[in-house]
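Okay, here's what each chain looks like letter by letter:
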Amino acid sequence: MIHYKTKEEIELMRESALVVSRTLGILAKEIKPGVSPLELDKIAETYIRDQGGIPAFLGLYDFPNTLCTSVNEHVVHGIPTKKPLQEGDIISIDCGVLLNGWYGDHAFTFAVGDIDPDMRMLLDVTLESLYKGIDQCVAGNRLGDVGAAIQQHAEKHGYGVVQELVGHGIGKSMHEDPQVPNYGRPGKGKKLQEGLVIAIEPMINMGTRRVVQLKDGWSIVTKDGLPSAHFEHDVAIVNGKPEILSTFDYVYEALGETPPDFIANR
Ligand code: MG
Ligand code: MG
């Protein structure tokens, strides 16, 4: 069952999402060769608690940490380790917060130092595919329109779209109905309507779309060992149009980078 949100509830959800956004901004300054994902995890947990929030992943389905940190061929659900990041790595940082009874959940994939142009292209296309999906979040459209927009953009570049994991509704629970696949057929699936709030999170692989789970019971990695990228926003349908509750502004500010035009000009 889908829980549609009122405008007041969506404003509360924006507060939760923005705690995650600011957390990602703080981490953006720390991500460099030599830093370990576990160190990033501690920084995030401290910041979230200082804001009066609760790290939402910690203990969720018994996950052991605040962040999911997924490096290179790791797609999602990576457990933060002590292994230092290296120049040329990419790391997806996925973070959830519970604040005032409402969840926020979003993710950004960061470059560690200078990265290979192929990796840069993967990050750019995955980010673009997220926003192409968001653009379809218009009342009257269907979930298949969202998935198809993401899939078409990624596959146009020869990338694999992960199908085993999907985005989701979000609200008073971290994972609510509906499921939000990153693939689909235009005009198919649930109709989108006012008050829907979903986390859209394309997971795009440089090579095959196939993934496997590691023995730790969490980490999802690409079957061919090629890198994977992941970006996630919380998106509400307000006045019939998509409204992004989370923001990458803090990340770009911390990195000293200008966001791409399709983000800056929204
Ligand atoms: Mg997430
Ligand atoms: Mg999510």
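Everything discussed here concerns the structure shown above.
Residues numbered from 1 in each chain as written. Chains lettered and ligands numbered in written order. Predicted model: local features only at pLDDT ≥ 70, side-chain atom pairs only at ≥ 80, totals over all residues. Heavy atoms only, no water.

Caption draft 1: Molecular detail of the overall build of the protein chain. Each helix and strand in the protein chain was counted, giving 6 helices and 15 strands. Its C-alpha atoms give the protein chain a radius of gyration of 17 Å, near enough to 18 Å, the size a compact globule of 266 residues would have. Taken over the C-alpha atoms alone, the protein chain extends approximately 45 × 45 × 40 Å along its principal axes. Within the protein chain, the proportion of its 266 residues that are buried is 55%. Counted over contacts in the protein chain with a minimum sequence separation of 6, partners at least 24 positions apart contribute 72%. Within the structure as shown, the protein chain displays about 11300 Å² of accessible surface, and the carbon and sulfur contribution to it stands at 49%. Here the protein chain contributes 25 positively and 37 negatively charged side chains, and the mean placements of these two sets differ by 6 Å. (Helix = DSSP H or I, 4+ residues; strand = E, 2+ residues; numbered from the N terminus. Rg over C-alpha atoms; globule rule 2.2 N^0.38 Å. Buried < 20%, exposed > 50% of the residue type's maximum accessible area, 1.4 Å probe, protein only. Contact = heavy atoms within 4.5 Å. Areas by Shrake-Rupley, 256 points an atom, 1.4 Å probe, with all protein chains shown as cover. Lys, Arg positive; Asp, Glu negative; His and termini not counted. Charge placed at Lys NZ, Arg CZ, Asp CG, Glu CD.)

Caption draft 2: Region of the structure containing helix 2 (residues 37-50). Spanning 14 residues, helix 2 covers 20 Å between terminal C-alpha atoms, matching the ideal 20 Å at 1.5 Å per step. Here the buried face of helix 2 lies against helix 1 (7-30), strand 1 (54-55), strand 2 (67-71) and strand 4 (90-99). A positive backbone phi angle near 85° is found at Gly52, which sits one or two residues after helix 2. (Expected span 1.5 Å × (residues − 1).)

Caption draft 3: The arrangement of the coordination of the magnesium ion (ligand 2) in detail. Those protein atoms acting as donors to the magnesium ion (ligand 2) are Asp105 (OD), His168 (NE2), Glu201 (OE) and Glu232 (OE), and they sit at 2.1 to 2.2 Å. Spacing between the donor residues of the magnesium ion (ligand 2) along the chain follows D-x62-H-x32-E-x30-E. If you look at the magnesium ion (ligand 2) and the magnesium ion (ligand 1), they sit 3.1 Å from each other and are both ligated by Asp105. Taken together, the positions of Asp105 in strand 5 (residues 102-111) and His168 in strand 7 (residues 167-169) put the pair 63 residues apart, joining distant regions of the chain. Judged by its relative accessible area of 5%, His168 is buried. (Donors = N, O, S within 2.8 Å, 3.2 Å for Na, K, Ca; no water.)

Caption draft 4: Spotlight on the sheet that holds strand 8 (residues 176-180). With antiparallel pairing, the 5 strands of this open sheet are ordered in space as 8-7-9-14-15. Here the strands that pair on one side only, and so sit at the sheet edges, are strand 8 and strand 15 (241-244). Looking at each pair of strands side by side, their axes are set apart by 30° on average, direction ignored. Where strand 7 meets strand 9 (residues 197-200), 2 bridges bridge the pair, whose relative direction is antiparallel. Bridged to His168 within strand 9 is Ala199. Running at roughly 165° to strand 14 (residues 233-238), helix 1 makes contact with strand 9, strand 14 and strand 15 of the sheet. (Pairing = 2+ DSSP bridges. Axes fitted to C-alpha atoms, helices over the stretch in contact; angles between N-to-C directions.)

Caption draft 5: Quick look at the coordination of the magnesium ion (ligand 1). Only Asp94 (OD), Asp94 (OD), Asp105 (OD) and Glu232 (OE) from the protein reach the magnesium ion (ligand 1) as donors, at distances of 2.0 to 2.5 Å. When its relative accessible area of 2% is taken as the criterion, Asp105 is described as buried. Judged by relative accessible area, Glu232 falls into the buried class, the value being 0%.

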